Amino acid sequence: MMKALGVGAAAVVLGVLTSGCDRLDLGDTFGGGASVDVNSASEPDVASSKWIAAQYTDVLKRSQRGELRSVSARDSSGASVLGFFEGNTLRKIIRGGNPYQEYIYSSSGQLIFALDMTTRSDGIREETRGYFHRGAMFRMLKKFNGGANQSQPVTPQLSAAISGDSTRLAGALGVSTAPGTFVPAAQPAATCSDCSFPGTRCNASGKCEMNPTATWRAETMQLTMQDAPAGTTVQVCIRQTRTTQFYCSTAQRAPGRSGKFYNFIPQAQRSSINIRSTDLVTGSGIDIQLWVNGVQSSTRFAASYSSVKPGPKLFDGGLVFKTNNSMFPHLTLKLVNTGG
């Protein structure tokens, strides 16, 4: 599973995977020909090992300084793979283990250098370096047990094989390739269960949430009664916090059935206010007032939820708030989406 690293963690992994690799020579000699600006990020028109060496050093230093975004993964064999990105462009891949491999990419995402260090079964360490220009390898060097570099013949088959290895490791990092450009692979659109209700949305983490721009009508839906004497009247008022106007239901006579719970606010006698999704989970909240027998019994200011999880339980069951009155301990508010 792909995992983004912090700078500190990336430095630890980098230290493990590149121990001594900053001293790697990229070849004893460099190509001649036309003058090349080694400081330029643009790939030159003429193939140049010297320009590649400068790019290798620049990418190495920037990765060590934490200037490139790092992403870690494992390939199909379980080996550690570490990628470094400049924005969305892949600049370097390190594969740990045996073989140890490195791939360097230009600022446009073209493969420009490949290193393979393999300890063979006979104990010999074989190092292979491939130099690429605009997608094709133009030079290959080998050395054995740290000896002198030896030039090797370059074939289209070898070039394609090394490019294929780099593409495979890029894929392990969740990267897809287009000609000359590497970008993070497109992630499947997030899907959420219970997120088909108006006013909700599926976030980037695949969780359903209230759309913060949605607007709602919060209305009193039901009031729980317990042990209220026969003939007791009750009235519920609500308002958005920091506003002045309370909106109240009509005073309603409670049924006198002690010890049982009843929800008895008729539709025509319910109060309602207009709110945004964020008002349910911020300091704004909803103020609730309860009047019993014409006397204010309790007031709850900024009655808000620390979180609101949308779904059938919320929209079918509503939001339940506890009051300070033992005869009417709970008030349920229904949410009706009005936009967004």
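Source: prediction; values computed, not measured. (Residues numbered from 1 in each chain as written. Predicted model: local features only at pLDDT ≥ 70, side-chain atom pairs only at ≥ 80, totals over all residues. Heavy atoms only, no water.)

Asker: It is not clear to me how the state of the cysteines should be interpreted in this structure. Could you clarify?
Answerer: What is meant by a disulfide is a covalent connection between two cysteines, made through their sulfur atoms. According to the stated counting rule, one finds one disulfide in the structure shown. There is a disulfide in this structure between C237 and C248, and the S-S distance comes to 2.0 Å. Between C237 and C248 the sulfur-sulfur dihedral comes to about 110°; the bridge is accordingly right-handed. You can see C237 sitting in strand β15 (residues 233–240) and its partner C248 sitting in strand β16 (residues 247–248), a full 11 residues away along the chain. C237 sits in the buried class, given a relative accessible area of 2%. For C248, a relative accessible area of 39% puts it in the partly exposed group. (Disulfide = S-S within 2.5 Å. Helix = DSSP H or I, 4+ residues; strand = E, 2+ residues; numbered from the N terminus. Buried < 20%, exposed > 50% of the residue type's maximum accessible area, 1.4 Å probe, protein only.)

Asker: Can you walk me through the sheet that holds strand β18 (residues 272–276) in this structure?
Answerer: As a general point, the strands of a sheet are linked pairwise by backbone hydrogen bonds and lie either parallel or antiparallel. Reading across from one edge, β18-β14-β22-β21 is the order of the four strands in this open sheet, with antiparallel pairing throughout. The open sheet is flanked by β18 and β21 (319–322), the only strands paired with a single partner. Neighbour-to-neighbour, the strand axes of the sheet open up by a mean angle of 35°, direction not taken into account. Of the pairings in the sheet, the one linking strand β14 (residues 215–224) to β18 comprises five bridges and is antiparallel in character. Opposite R217, over in β18, you have N274 as the bridge partner. (Pairing = 2+ DSSP bridges. Axes fitted to C-alpha atoms, helices over the stretch in contact; angles between N-to-C directions.)

Asker: How do you make sense of the nonpolar core when you look at a structure like this?
Answerer: The tendency in soluble globular proteins is for nonpolar side chains to be buried side by side. Membership of the largest hydrophobic core comes to 31 residues, with the highest contact counts inside it found for L223, I286, F328 and L335. Elements with a contribution of two residues or more to this core: β14, β15, β18, β19 (286–292), α4 (312–317), β21 and β22 (330–339). Element by element, the count of residues in this core is highest for β19, at four residues. In contact with I286, other than residues within four places in its own chain, are A218, I238, R239, T241, I273, I275, L280, R300, F301, A302, A303 and L333. The next biggest cluster of nonpolar side chains, apart from the first, holds 18 residues, and it includes A73, I93, A114 and V175. (Core = buried A, V, L, I, M, F, W, Y, C linked by side-chain atoms within 4.5 Å. Contact = heavy atoms within 4.5 Å.)

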